[in-house]
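Spelled out from the first residue to the last, the chains are:
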Amino acid sequence: LAKTTQPISMDSYEGQEVNITCSHNNIATNDYITWYQQFPSQGPRFIIQGYKTKVTNEVASLFIPADRKSSTLSLPRVSLSDTAVYYCLVGDYKAAGNKLTFGGGTRVLVKP
Amino acid sequence: SQTIHQWPATLVQPVGSPLSLECTVEGTSNPNLYWYRQAAGRGLQLLFYSVGIGQISSEVPQNLSASRPQDRQFILSSKKLLLSDSGFYLCAWSVRHYPEELFFGSGTQLSVL
């Protein structure tokens, strides 16, 4: 399972765009990249998933360069409610019994 | 639709007492099941995962164990709790397709005193 490295914390202000980069230098060919959001005293919630290039949904965008050794989660126009911990996971989801291990996550604080 | 139930929501137990946390999934069959633990202010630590009934893989040997007596039931146990077992315990499931997405329960806040 590819190891991931993320910044420990980031501060932002309401209305700004937040970009969180995750490094995964030893990502394997079959690995997908998935991002989760966690609020205090809750389980993480799936945000977005991708394999290469760019993926966009209603809440975020995920940018993955050609070498796939990193990925960037982009949260457009954040609000106070986006204050949370964001986790990047990399794994071969085809593998039976895949050990989906979370890293330390990035604590994002959105200020008014 | 699929749902995951985890109970109890909070639990206070004395050191040396036993533990049993239960997690059940509805609306799907043959899910992958996971137990995670999160210490205060820390990331999630994978404890156990299971791909089928009776099939348990352990990531943390310590004094915890897991069992899967039924397809959609996952139980976390301990014979004697330690102070270090305090934390937020989360059960999760995923459908075995490509790619996977984890769905988490609401968690159990365990305090060992």
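This is a predicted model, so every value here is computed, not measured. (Residues numbered from 1 in each chain as written. Chains lettered and ligands numbered in written order. Predicted model: local features only at pLDDT ≥ 70, side-chain atom pairs only at ≥ 80, totals over all residues. Heavy atoms only, no water.)

**Structural notes on the overall build of chain B**
Regarding its fold elements, chain B presents 0 helices and 11 strands. Taken from N to C terminus, the helices and strands of chain B fall in the order β-β-β-β-β-β-β-β-β-β-β. For chain B, whose C-alpha radius of gyration is 13 Å, the value lies close to the compact-globule estimate of 13 Å for 113 residues. Oriented by its inertia axes, the alpha-carbon framework of chain B measures out at about 40 × 25 × 20 Å. Within chain B, buried positions represent 49% of all 113 residues. Considering only intrachain contacts with a sequence separation of at least 6, the fraction spanning at least 24 residues in chain B is 55%. Approximately 5,200 Å² of chain B is accessible, and the part contributed by carbon and sulfur atoms is 54%. Side chains of chain B give 7 positive and 7 negative charges; the mean places of these two sets differ by 9 Å. (Helix = DSSP H or I, 4+ residues; strand = E, 2+ residues; numbered from the N terminus. Rg over C-alpha atoms; globule rule 2.2 N^0.38 Å. Buried < 20%, exposed > 50% of the residue type's maximum accessible area, 1.4 Å probe, protein only. Contact = heavy atoms within 4.5 Å. Areas by Shrake-Rupley, 256 points an atom, 1.4 Å probe, with all protein chains shown as cover. Lys, Arg positive; Asp, Glu negative; His and termini not counted. Charge placed at Lys NZ, Arg CZ, Asp CG, Glu CD.)

**Here we look at the interface of chain A and chain B**
In many analyses, interface size is given as the accessible surface area lost on bringing the parts together. Across the contact, 23 residues belong to chain A and 23 residues belong to chain B. For the pair chain A and chain B, the summed buried surface comes to about 1,900 Å²; carbon and sulfur atoms form 59% of the total. Our enumeration of links across chain A and chain B arrives at 0 salt bridges. The tally of links between chain A and chain B comes to 3 residue pairs in polar contact (both at pLDDT 80 or more). (Buried area = accessible area lost by both parts, 1.4 Å probe. Salt bridge = Lys/Arg side-chain N within 4 Å of Asp/Glu carboxyl O. Polar contact = N/O pair within 3.5 Å; in protein donor to acceptor, adjacent residues only side chain to side chain.)

**Re the packing of aromatic side chains**
Applying the stated rule across the entire model yields 8 aromatic pairs over all chains. Between Tyr34(B) and Tyr36(B) the ring centres are 6.2 Å apart and the planes differ by 25 degrees, which places this aromatic pair in the stacked class. With relative accessibility at 0%, the residue Tyr34(B) sits in the buried group. A centroid spacing of 4.8 Å and a plane angle of 25 degrees characterise the contact between Trp93(B) and Phe103(B), whose relative ring orientation is stacked. With Trp93(B) in strand S9 (residues 87–94) and Phe103(B) in strand S10 (residues 103–104), the pair connects residues that are 10 residues apart, well separated along the chain. Residue Trp93(B) is classed as buried on the basis of its relative accessible area of 2%. These aromatic residues form a ring-pair network of at least three members: Tyr36(A), Phe46(A), Tyr34(B), Tyr36(B), Tyr49(B) and Phe104(B). Seen from the ring of Tyr51(A), Arg68(A) lies directly overhead, with NZ or CZ sitting 3.9 Å from the centre. (Phe/Tyr/Trp six-rings, centres within 6.5 Å; stacked < 30°, edge-to-face > 60°. Lys NZ or Arg CZ within 6 Å of the ring centre and 35° of its normal.)

Keep in mind these numbers describe shape, not what the thing actually does.
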